[in-house]
Amino acid sequence: PLPSNFSARRLVETVQLQDRLEQNRTPKCDGCKENNAVASCCKCGGFFLCENCFKVHKQLPSTKNHSILSLDEFMQSKTSLLTANRLLLCERHPQELLKLYCKDCEMLVCRDCVLVRHKSHNYSFVDEIIEEEKAHLQVVTLKELEEILTVTKETISSVENTQAKVLSSNDDHLAQMTATFEDINYMLNMRKDDLSDEICQITEDNLYPLQKQQKDLGALKINVENCYKFTKKTLQDGTSLEIMSAKKQMLERTKYLQELHKNSPTSPVTKPSTTICYQLDQLKEIFKNLAIVVDLQQCSVEDAPETFRVDELVRFHVVLKDTKSRPIRNACGIINAEVIAGDESVTSTVVESITEGNYAVEFLPKKVDDHVVSIKVNNNYISKSPLRIAHALPTSAALSYFSDSDSSF
């Protein structure tokens, strides 16, 4: 059978008792479980007694000297219902108190349990190990939960900021689109509506995973906070027996939340990745495919060399696609290719269309410094950009020539 969770049971009993007291309902006797209580035994940790059980309690040799409070005195006392050191009896051996903790089984046991079922196990008296265990739980639960909570809150904040950026990007796209369409006539309004739907769909697609991530993180945050509060309250106010009883549950819950946190992304799952490009100077050509919605994640630099040689043409390709994975034609004007050699910009950069959606970029290096190539569409970097191209090392023949030349000096 599963070990009893004394902390949970105690908490349920306390909440029920508090509800009854708030409703001016007298608690039941803890002895007979039938009659209403009239007194409480301080020595027994707030044990409620009816009139009959009270008389028996005062007559038994083991309890006759206990301090007894009337119910009114108990309610007016400062003794907390949660911190009262109530005695815990063994379920297997009802006459024995739970005073030991079996480290192998991770459960509270009595002396008879040790002799019968835990004889060869590693066990200790609760009073001897409680401080060490509390310190251990403080580190492995509260500290870890605090770290998870901090990261989760930061991630939620980042997700919220990214959602704002997605919405802001959507607003910017719509505003830019509206301003552009105001300059053209009624024939373009149908295309305008199409673009509005597409942009809003992109925004919805971007927001959905963020909203789901926020919901998941919110649930994780609530679970972490609840676990943190429960662990902290137990460590602060729980009795030694209650802490040791709840130890396994707290550790397992913390480990479970650690796994959830580990599997939860700590950054927004999506970011704005689209931009709209316009070519008003070529309006007649653009009418068939006006205001291209470029998917920056599907656009990329391809076939870029890793090295170059001075005065040898460097050539690579740029692939452009829209949000429906269709190649974007006639887009040389929206591709901004910049090459930096050292501290100087290479001005002789050429962009030309090869096939639909495929563009060639070339430049002629004049310096041995590494060249940094940046490819942007509408001032937004595409995939694999920027990239660095290094100067090629001299060939073995050249190295031999330089070596021979040096030896002649």
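Residues numbered from 1 in each chain as written. Predicted model: local features only at pLDDT ≥ 70, side-chain atom pairs only at ≥ 80, totals over all residues. Heavy atoms only, no water.

## Observations regarding the overall build of the protein
Here is step 1 of the chain: Within the protein, the secondary structure is distributed over 9 helices and 18 strands.
Here is step 2 of the chain: Here the protein holds 409 residues, and the buried ones make up 37% of them.
Here is step 3 of the chain: Contacts spanning at least 24 positions in sequence make up 61% of the contacts within the protein whose residues lie at least 6 apart. (Helix = DSSP H or I, 4+ residues; strand = E, 2+ residues; numbered from the N terminus. Buried < 20%, exposed > 50% of the residue type's maximum accessible area, 1.4 Å probe, protein only. Contact = heavy atoms within 4.5 Å.)

## Focus: the packing of helix α5 (residues 126-181) against helix α6 (residues 189-237)
Here is step 1 of the chain: Relative orientation of the contacting elements α5 and α6 amounts to 165°, with a least axis distance of 9 Å. Classed by the angle they form, the pair α5 and α6 counts as roughly antiparallel. Note on packing geometry: the crossing formed by α5 with α6 is left-handed.
Here is step 2 of the chain: Tallied by class, the residues present in the contact of α5 with α6 amount to 23 nonpolar, 16 polar and 9 charged. (Axes fitted to C-alpha atoms, helices over the stretch in contact; angles between N-to-C directions. Parallel < 35°, antiparallel > 145°, perpendicular 65-115°, else oblique. Left-handed = near helix turned anticlockwise from the far one by under 90°. Nonpolar A, V, L, I, M, F, W, Y, C, P; charged D, E, K, R; others polar.)

## Here's the deal with α5
Here is step 1 of the chain: Spanning 56 residues, α5 covers 78 Å between terminal C-alpha atoms, matching the ideal 82 Å at 1.5 Å per step.
Here is step 2 of the chain: At Q138, α5 shows its strongest bend, of approximately 30°. (Expected span 1.5 Å × (residues − 1). Bend = angle between axes of the 7 residues up to and from the residue.)

## Some thoughts on the nonpolar core
Here is step 1 of the chain: Within the largest apolar cluster, 29 residues are counted, with the highest numbers of intra-cluster contacts made by L108, V224 and M244.
Here is step 2 of the chain: For this core, the secondary structure elements donating two or more residues are β4 (100-102), β5 (107-109), α4 (111-116), α5, α6 and α7 (240-262).
Here is step 3 of the chain: No other element matches α5, which puts 8 residues into this core.
Here is step 4 of the chain: With 28 residues, the next largest nonpolar core counts V346, Y359, V373 and I389 among its residues. (Core = buried A, V, L, I, M, F, W, Y, C linked by side-chain atoms within 4.5 Å.)

## So, the side chain of E242
Here is step 1 of the chain: Considering the arrangement of structural elements, one finds E242 in helix α7.
Here is step 2 of the chain: Taking relative accessible area as the criterion, E242 reaches 7% and is therefore assigned buried.
Here is step 3 of the chain: A distance of 3.0 Å separates the side chain of E242 from the backbone nitrogen of T239, its partner in a polar contact. (Polar contact = N/O pair within 3.5 Å; in protein donor to acceptor, adjacent residues only side chain to side chain.)

## What about the state of the cysteines?
Here is step 1 of the chain: One pass over the full model with this rule turns up 0 disulfides.
Here is step 2 of the chain: C53 provides the cysteine sulfur closest to C50, a residue in no disulfide bond, and the two sulfurs are 3.6 Å apart. (Disulfide = S-S within 2.5 Å.)

## Brief notes about the environment of S345
Here is step 1 of the chain: Along the chain, S345 turns up in strand β13 (residues 344-346).
Here is step 2 of the chain: When its relative accessible area of 44% is taken as the criterion, S345 is described as partly exposed.
Here is step 3 of the chain: Ignoring anything within four residues of it in the chain, the contact list for S345 reads E338, V339 and I340.

## A look at unusual backbone geometry
Here is step 1 of the chain: S385 connects to P386 through a cis peptide bond whose omega is 0°.
Here is step 2 of the chain: Here P386 lies in the loop between β17 (380-381) and β18 (387-391).
Here is step 3 of the chain: Of note in the backbone geometry, E106 takes a positive phi value of approximately 55° without being a glycine.
Here is step 4 of the chain: Here E106 shows up in the loop between β4 and β5.
Here is step 5 of the chain: Assessed through its relative accessible area of 28%, E106 is described here as partly exposed.
Here is step 6 of the chain: Unlike most non-glycine residues, K384 shows phi in positive territory, near 70°.
Here is step 7 of the chain: Topologically, K384 is positioned in the loop between β17 and β18.

## Some thoughts on the sheet that holds β5
Here is step 1 of the chain: As summarised here, the arrangement of the 3 strands in space is β5-β4-β6, forming an open sheet in which the pairing is antiparallel. Strands at the two margins of the open sheet, each flanked by one partner only, are β5 and β6 (123-125). Geometrically, the sheet is characterised by an average inter-axis angle of 35° between neighbouring strands, direction not taken into account.
Here is step 2 of the chain: Relative to β6, β4 is paired through 3 bridges, and the arrangement is antiparallel. When the sheet's bridge partners are listed, Y101 is paired in β6 with S124.
Here is step 3 of the chain: The sheet strands contacting α5 are β4, β5 and β6, and the helix crosses β6 at an angle near 100°. (Pairing = 2+ DSSP bridges.)

## With respect to the pattern of salt bridges
Here is step 1 of the chain: Inspection of the entire model under this criterion finds 12 salt bridges.
Here is step 2 of the chain: With a shortest N-O distance of 3.0 Å, E225 and K221 are connected by a salt bridge. Residue E225 and its partner K221 are located together in helix α6, separated by 4 residues, close to a single helical turn.
Here is step 3 of the chain: A residue is classified by how much of its surface remains accessible, and K221, at 24% relative accessible area, is partly exposed. (Salt bridge = Lys/Arg side-chain N within 4 Å of Asp/Glu carboxyl O.)

## Re the packing of aromatic side chains
Here is step 1 of the chain: By the definition in use, this model includes 0 aromatic pairs.
Here is step 2 of the chain: Geometry around Y381 places K376 over its ring, the cationic atom sitting 4.7 Å from the centre. (Phe/Tyr/Trp six-rings, centres within 6.5 Å; stacked < 30°, edge-to-face > 60°. Lys NZ or Arg CZ within 6 Å of the ring centre and 35° of its normal.)

## Quick notes on the packing of α6 against α7
Here is step 1 of the chain: Relative to each other, α6 and α7 sit at 155°, their axes nearing to 11 Å. The angle between α6 and α7 places the two elements in the roughly antiparallel class. The element α6 and its partner α7 pack so that their crossing is left-handed. Two secondary-structure elements touch here, α6 through L220, N223, V224, C227, F230, T231, T234 and L235 and α7 through I243, A246, Q249, M250, R253, T254, L257, L260 and H261.
Here is step 2 of the chain: Per-class residue counts for the contact of α6 with α7 are 10 nonpolar, 6 polar and 1 charged.

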